[in-house]
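Descriptive analysis of the structure
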2 protein chains.
Amino acid sequence: MNAPLTLRDIARQAGVSLATVDRVLHNRPGVRADTVRRVKDAMTRSAFQPHAAASELARARSRRFAFVMPAGVNLFMQQIQAHLGEMANWMAARRLSVEIVATDVFDPAILAARLEDLVGRVDGVAVVALDHPSVRAAINDLVESGAKIVTLVSDVPSSRRHHYVGIDNIAAGRAAGALVGRFTGGRPGRVAIMAGSHGLRDHAERIFGFTQVIAAEYRQLEVLPVVEGHDDDDRSEHLMRRLLADYRDIVGLYNVGAGTAGVAKALTEPLSGSGRAGDIVFVGHDVTAVTRKLLLNGVMDAVISQNPGHEARSAVRVLLALARGEPLLSEQEAIRIDIVMRDNLP
Amino acid sequence: MNAPLTLRDIARQAGVSLATVDRVLHNRPGVRADTVRRVKDAMTRSAFQPHAAASELARARSRRFAFVMPAGVNLFMQQIQAHLGEMANWMAARRLSVEIVATDVFDPAILAARLEDLVGRVDGVAVVALDHPSVRAAINDLVESGAKIVTLVSDVPSSRRHHYVGIDNIAAGRAAGALVGRFTGGRPGRVAIMAGSHGLRDHAERIFGFTQVIAAEYRQLEVLPVVEGHDDDDRSEHLMRRLLADYRDIVGLYNVGAGTAGVAKALTEPLSGSGRAGDIVFVGHDVTAVTRKLLLNGVMDAVISQNPGHEARSAVRVLLALARGEPLLSEQEAIRIDIVMRDNLP
DNA sequence: CTGTTAGCGCTTTCAC
DNA sequence: GTGAAAGCGCTAACAG
């Protein structure tokens, strides 16, 4: 019925100028308290919402974001980057650009240095961070410089980052535990855990959740000490071989990080004296080309996954909203824990 | 480094006016083929992307969308509506409004009439549709009228709807089948299926997928004939009681639609001579207040779920993009099948 | 077939 | 403290 209101209408209603309304709208100083009240009244009275496009156009700013991510062949990280690539047009239409900074995220000094490099150069940063004091300090410096920061996949909760884009890793570990528990169907035996490193916050949290569930609800299962494969295929394979040889009663296996191909190889290779893939419930993380194949051929039973496309888009959206000073649709930005089996492979 | 290009820059490069560039950009007629080429060249040469906000502002249109959804107490549908409510500000900032049309979606004549009412009145419609000829015709009439149409939750693939917002229900059924199969842990016995109605396309597809998996991969399980609870608690409870009494060897239960509270009641109530909740693997759909409680207390083992928030936002985003003539981020709009257990309850 | 021009609603100087 | 006015980049008449 009624044409949408504009700032102009509010200005008229409050008996002030456009500029003043704008000042009030953005809580800028230099307006008498009384005038502020009058303007705010007018706004609420008519449920005024500023037109997003107009505001965006008027400031006509382009923005630079940086994504600081692990260098190397981590398939999951590559997927995130690919999804960023798919957003290129979307970002261009909004005058955004993102620069990918590949670095050694396992070395806190190097990672912190890369982050410090960005101070003053960008409007926002998404970082796959190691939770370490010097990294935390670098994040805080970036925040101090006015940039907006989101942590990606692995959080640094003690820093002043504005937002975390990733899953609740304790819950993810619990879900993995429940799957191993249920899928072993009451058979007693041991459960092996292969992690990248205890030092990674996300891995540590997953292990915690997993162990918790197994201990509490599946008493017939005994969890073996965690071995660290450093997300590396060869190393993981080697360690896995050893485990399989040492313990003949392994019924479940939780691979917390990457290196999945190596683990699977140890599990399936007849030479290793195992070929026990069919008997061992194998749960891991993230849908990649490797895990997809293992699910399809039945070596893996389930994958706990976070959606890399969602994470990429969410990081960009959140950085943009923070930079513009817009509110987040928080439910939209929550990253869910996906349980993926052969039949709901995306 | 370089300030982003504008239409003006392209115009200068191609030696034409702003208006001509705009015509070419939108494939509007009335431009000589040769000029079109020159302009397109200039655009690609400089990788031009029009500024989304400027375009949106210049047309300054408000848009009306309608959501046609089942009247009544369906918790899942209520959640979708609640999420639409949460987007109110977001929509207002983009000059969108949505009107919710509650109707009897089980009666094709009524549903079709409601849809016809909307012809000419709205820019877009999202509809939870029954797959029936008269509904299909109404959808096509709306498309004819220039409105953009998305089907929501349940599709009408034979219509000319522009997009379907919902999950692959066959895959959802397969996932449910795999869960029942795995969780029963090799125990032989019968599996019951409770559906809303065979006439609902989504229910029929789920049953198909479920049965397929059980038959192919879990030969020790025998699927009982589907009973129809009409998504109604009382009716579902009654039918479930009968099933439990008739068959003492039920080890699995798949509830395809709503009415979950009734099913659970039959399963747990000691009077019904059953109290067999602990022995029967119970899988259903959608995370609601009811299913959440049943997962937590162990009556349900898993829920196959589509994210109502995602569906609500996706429907609005897709309608908006279609109305504006913008491309979709197709991966973003794909609705995933979530498997939810106690430990990854959102 | 092509160009000119007046906005869209908000932000941002720069005056007063 | 407040206001006037010049854009932001694109679209849509309306002329030619």
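Residues numbered from 1 in each chain as written. Chains lettered and ligands numbered in written order. Predicted model: local features only at pLDDT ≥ 70, side-chain atom pairs only at ≥ 80, totals over all residues. Heavy atoms only, no water.

Looking now at helix H12 (residues 260–268) of chain A. Taken together, the buried positions of H12(A) are Thr260(A), Gly262(A), Val263(A), Ala264(A), Ala266(A) and Leu267(A). Residues of H12(A) that are buried sit in contact with strand S6 (189–195), helix H11 (233–246), strand S9 (250–255), strand S10 (281–285) and helix H13 (289–296) of chain A. (Buried < 20%, exposed > 50% of the residue type's maximum accessible area, 1.4 Å probe, protein only. Helix = DSSP H or I, 4+ residues; strand = E, 2+ residues; numbered from the N terminus. Contact = heavy atoms within 4.5 Å.)

Bringing the relation of the copies chain A and chain B into the picture now. In screw terms, the move from chain A to chain B is a rotation of 180 degrees and a rise of 0.0 Å along the axis, fitting with an RMSD of 0.2 Å. As the rotation angle and translation indicate, the two copies are arranged about a two-fold axis. When the interface residues of chain A are mapped onto chain B, 100% of them again fall at the interface, so both copies present the same face. (Least-squares fit on C-alpha atoms with pLDDT ≥ 70 in both.)

This part covers the interface of chain A and chain B. With 47 residues of chain A in contact, the opposing surface of chain B contributes 48 residues. Both faces combined, the contact of chain A with chain B buries some 4400 Å², and carbon together with sulfur accounts for 52% of it. On the surface where chain A and chain B come into contact, there are 10 salt bridges. When the shortest N-O distance is used, the salt bridge between Arg182(A) and Asp301(B) registers 2.8 Å. (Buried area = accessible area lost by both parts, 1.4 Å probe. Salt bridge = Lys/Arg side-chain N within 4 Å of Asp/Glu carboxyl O.)

Residues and elements named next belong to chain B. Strand order in the open sheet formed by five strands is S2-S1-S3-S4-S5, and the pairing between neighbours is parallel. Among the strands making up the open sheet, the edge pair consists of strand S2 (96–103) and strand S5 (163–165). Within the sheet, the average angular offset between the axes of one strand and its neighbour, ignoring direction, is 20 degrees. Across four bridges, strand S1 (residues 63–70) lies against strand S3 (residues 124–127) in parallel orientation. Bridge pairing links Phe-67 to Ala-126 in S3. (Pairing = 2+ DSSP bridges. Axes fitted to C-alpha atoms, helices over the stretch in contact; angles between N-to-C directions.)

The local shell around DNA strand D holds 25 residues, among which Ser17(A), Arg23(A), Arg32(A), Leu7(B) and Asp22(B) are the closest. When the atoms of DNA strand D within 4 Å of the protein are grouped by moiety, sugar and phosphate amount to 67% of the total. Between DNA strand D and the protein, one listed contact pairs a phosphate oxygen with a backbone N or O atom of His51(B) at 3.1 Å. Contributions of two or more residues to the surface near DNA strand D are made by helix H2 (18–25) and helix H4 (52–59) of chain A together with helix H2 (18–25) and helix H4 (52–59) of chain B. Residues of the surface near DNA strand D, tallied by class, amount to 12 nonpolar, eight polar and five charged. (Near = heavy atom within 4 Å. Polar contact = N/O pair within 3.5 Å; in protein donor to acceptor, adjacent residues only side chain to side chain. Nonpolar A, V, L, I, M, F, W, Y, C, P; charged D, E, K, R; others polar.)

Turning our attention to the environment of Arg8(A). Residues and elements named next belong to chain A. Considering the arrangement of structural elements, one finds Arg-8 in helix H1 (residues 7–14). Assessed through its relative accessible area of 59%, Arg-8 is described here as exposed. In this structure, the C-alpha to C-alpha distance between Arg-8 and Pro-50, residues 42 residues apart in sequence, is 11 Å.

The values reported here are purely geometric and, on their own, carry no functional implication.
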